[in-house]
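The chain contents come next:
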Amino acid sequence: MKAITVEPKTPGSARLENIAEPDARDGSVLVEAIAVGVCGTDVEIVEGKYGWAPPGQSRLVLGHESLGRVIDPGASRSLKKGDLVVGIVRRPDPVPCPNCAVGEWDMCRNGQYTERGIKEIHGFMSERWRTEPEYAVKVDSSLGILGVLLEPMTVIAKALEQVVAVGQRSYWEANKVLVTGAGPIGLLAACAVSMRAKDVHVLDRVETGVKPELVRALGATYHSGRVMDLGFEPDVIVECTGVGSVLEDALHKIGAGGVICLTGVGGGGAAPGHAVADIAAKLVLNNNVLVGSVNANKRHWYKAAQALVQADRKWLSRLITRREAPENFPQALERRPDDIKVIIQFSEI
Ligand SMILES: [Zn+2]
């Protein structure tokens, strides 16, 4: 079968090739791939900056934002042939650490977790894949191709749970929510937040095009420019850019008692020590919390599936801006100005 594979840490090694059918030891549920979303992590792996092949192998099947159709439900009692499913990405570490032991692999303490398409387990960019029944999430059939947005939505489901958990440490009225960044994660965050909060704002660099339109279609307010120039102090900021200057502005602008949740990963070197002390002072004097959030556990997968079903289908469909055939995967990895979510389509829905 065809698969998109890469030799991790080797730039330019990605290729479409024929590999063996998925091993029965990978799980009893056999799935025909429909589509796989492409994200920044995939680009980093192809650029040789990240990723690990399974033990004893040199190449990794790429892809972690899956959508497929069940060919054989195997040992699953809830799935049947033809169901739409998405595969959970992370597996608990084998030790296991306390959090993995209770099913919170997203909070893994020792870093020995594995992840499909990223860390030591093959991903979903192959014509067929297998999964253990407990790691297959059934998607409402009415969502169709939009089920490919489930994995990025799980990141939001967890991040919002973190925000609420922190907020509930005291009496809390979170009225004004700001999302920084209008990429797929930022827009899905805005979509999920606008189901709960009335005053939702999204900030991104671009001034025109589909991103401002999508934000306004949610009934939210779009801003371009700097967080510092906003005329209000957010109660919650969901940071989805990973850009240092955006985070710096967010730290200054967050309201007293407010929560900043970081979902974006960036870089940019070390800040001088006094800047960190200034940030700490701001956090102390305003009871602010800066909380990082990564990955998702099964509860978040369930919540994300619920959120996708409740979202406006037409709006969601506008997030998928390009579909490429597996043969054209290099183009799928390119970032074009109007791209939001690009998917590689393996079969018709
Ligand atoms: Zn663990």
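In case you missed it, the structure is sitting above this.
Residues numbered from 1 in each chain as written. Predicted model: local features only at pLDDT ≥ 70, side-chain atom pairs only at ≥ 80, totals over all residues. Heavy atoms only, no water.

**Some words on the overall build of the chain**
Along the backbone of the chain there are 10 helices and 19 strands. Here the chain has a C-alpha radius of gyration of 20 Å; the compact-globule value for 349 residues is 20 Å, and the two agree. If one aligns the C-alpha atoms of the chain with their principal axes, the spans along those axes are about 60 × 45 × 40 Å. Counting all 349 residues of the chain, 52% fall into the buried class. For the chain, the computed accessible surface area is about 15,800 Å², with 51% contributed by carbon and sulfur atoms. (Helix = DSSP H or I, 4+ residues; strand = E, 2+ residues; numbered from the N terminus. Rg over C-alpha atoms; globule rule 2.2 N^0.38 Å. Buried < 20%, exposed > 50% of the residue type's maximum accessible area, 1.4 Å probe, protein only. Areas by Shrake-Rupley, 256 points an atom, 1.4 Å probe, with all protein chains shown as cover.)

**Observations concerning the packing of helix 3 (residues 150-167) against helix 8 (residues 298-310)**
One way to put it is that helix 3 packs onto helix 8 with a least axis distance of 8 Å and a crossing angle of 110 degrees. When the axes of helix 3 and helix 8 are compared, the pair comes out roughly perpendicular. Each of Leu150, Glu151, Met153, Thr154, Ala157, Lys158 and Glu161 in helix 3 lies in contact with helix 8, whose residues at this interface are Arg299, His300, Trp301, Lys303, Ala304, Ala305, Ala307 and Leu308. Within the contact of helix 3 with helix 8, the residues separate by chemical class into eight nonpolar, two polar and five charged. (Axes fitted to C-alpha atoms, helices over the stretch in contact; angles between N-to-C directions. Parallel < 35°, antiparallel > 145°, perpendicular 65-115°, else oblique. Contact = heavy atoms within 4.5 Å. Nonpolar A, V, L, I, M, F, W, Y, C, P; charged D, E, K, R; others polar.)

**Re the sheet that holds strand 12 (residues 176-180)**
What the six strands build is an open sheet, ordered 14-13-12-15-16-17; its pairing is parallel. Of all strands in the sheet, those bounded by a partner on one side alone are strand 14 (221-224) and strand 17 (289-292). Taking each pair of neighbouring strands and ignoring which way they run, the sheet shows an average axis angle of 20 degrees. For strand 12 and strand 13 (residues 199-204), the ladder comprises five bridges, and the chain directions are parallel. Note on strand 13: the bridge partner recorded for Leu178 is His201. Seen against the sheet, helix 6 (residues 244-253) touches strand 12, strand 15 (236-239), strand 16 (259-262) and strand 17 and runs at an angle of roughly 165 degrees to strand 16. (Pairing = 2+ DSSP bridges.)

**Observations regarding the coordination of the zinc ion**
Surrounding the zinc ion are the protein donor atoms Asp93 (OD), Cys97 (SG), Cys100 (SG) and Cys108 (SG), which sit 1.9 to 2.4 Å from the metal. The coordination sphere of the zinc ion comprises four donor atoms, whose angles at the metal cover 99 to 121 degrees; the geometry is tetrahedral. Here the donor residues for the zinc ion map to a single chain with the spacing D-x3-C-x2-C-x7-C. (Donors = N, O, S within 2.8 Å, 3.2 Å for Na, K, Ca; no water. Tetrahedral: all angles 85-135°; square planar, octahedral: opposite > 155°, others 65-115°.)

**Things to note about the pairing of strand 3 (residues 29-38)**
Taking burial as the measure, the 10 residues of strand 3 include nine buried ones, the bulk of the element. By the bridge criterion, four bridges tie strand 3 to strand 10 (residues 128-131) in an arrangement that is antiparallel. Bridging from a neighbouring strand, Val31 pairs with Trp129 of strand 10. As judged from the seven bridges shared by strand 3 and strand 5 (residues 65-72), these two strands associate in the antiparallel manner. Bridge pairing in strand 5 links Val31 to Val70.

**Quick word on the pattern of salt bridges**
Scanning all chains against the criterion turns up 21 salt bridges. Where Asp199 meets Lys176, a salt bridge forms, and the shortest distance between an N and an O atom there is 2.8 Å. On the criterion of sequence distance, the pair formed by Asp199 in strand 13 and Lys176 in strand 12 is long-range, its members being 23 residues apart. Residue Lys176 is classed as partly exposed on the basis of its relative accessible area of 29%. Asp249 is the partner of Arg226 in a salt bridge, and the nearest nitrogen-oxygen pair spans 2.7 Å. You can see Arg226 sitting in the loop between strand 14 and strand 15 and its partner Asp249 sitting in helix 6, a full 23 residues away along the chain. On the basis of relative accessibility, which here comes to 6%, the residue Asp249 falls in the buried class. (Salt bridge = Lys/Arg side-chain N within 4 Å of Asp/Glu carboxyl O.)

**Considering the environment of Val31**
Considering the arrangement of structural elements, one finds Val31 in strand 3. Relative accessible area serves as the criterion here: at 0%, Val31 is assigned to the buried category. The spatial distance from the C-alpha of Val31 to the C-alpha of Val70 is 4.5 Å, given a sequence separation of 39 residues. Not counting residues within four places of it along the chain, the set of residues in contact with Val31 comprises Gly68, Arg69, Val70, Ile71, Val85, Glu127, Arg128 and Trp129.

**Concerning the nonpolar core**
Of all hydrophobic cores here, the largest spans 91 residues; its most connected members are Leu150, Leu316 and Leu319. With eight residues, helix 3 is the single largest residue contributor to this core. Of all hydrophobic cores here, the second largest spans 11 residues; its members include Leu203, Val227, Val246 and Leu251. (Core = buried A, V, L, I, M, F, W, Y, C linked by side-chain atoms within 4.5 Å.)

**Some remarks on the packing of helix 3 against helix 4 (residues 184-194)**
In contact at an axis separation of 9 Å, helix 3 and helix 4 are set at 55 degrees when each is read in the N-to-C sense. Taken together, helix 3 and helix 4 sit at an angle that is classed as oblique. Along this stretch, helix 3 crosses helix 4, giving a crossing that reads as right-handed. Contact residues: helix 3 offers Pro152, Met153, Val155, Ile156 and Leu160, while helix 4 offers Ile185, Leu188, Ala189, Ala192 and Val193. (Left-handed = near helix turned anticlockwise from the far one by under 90°.)

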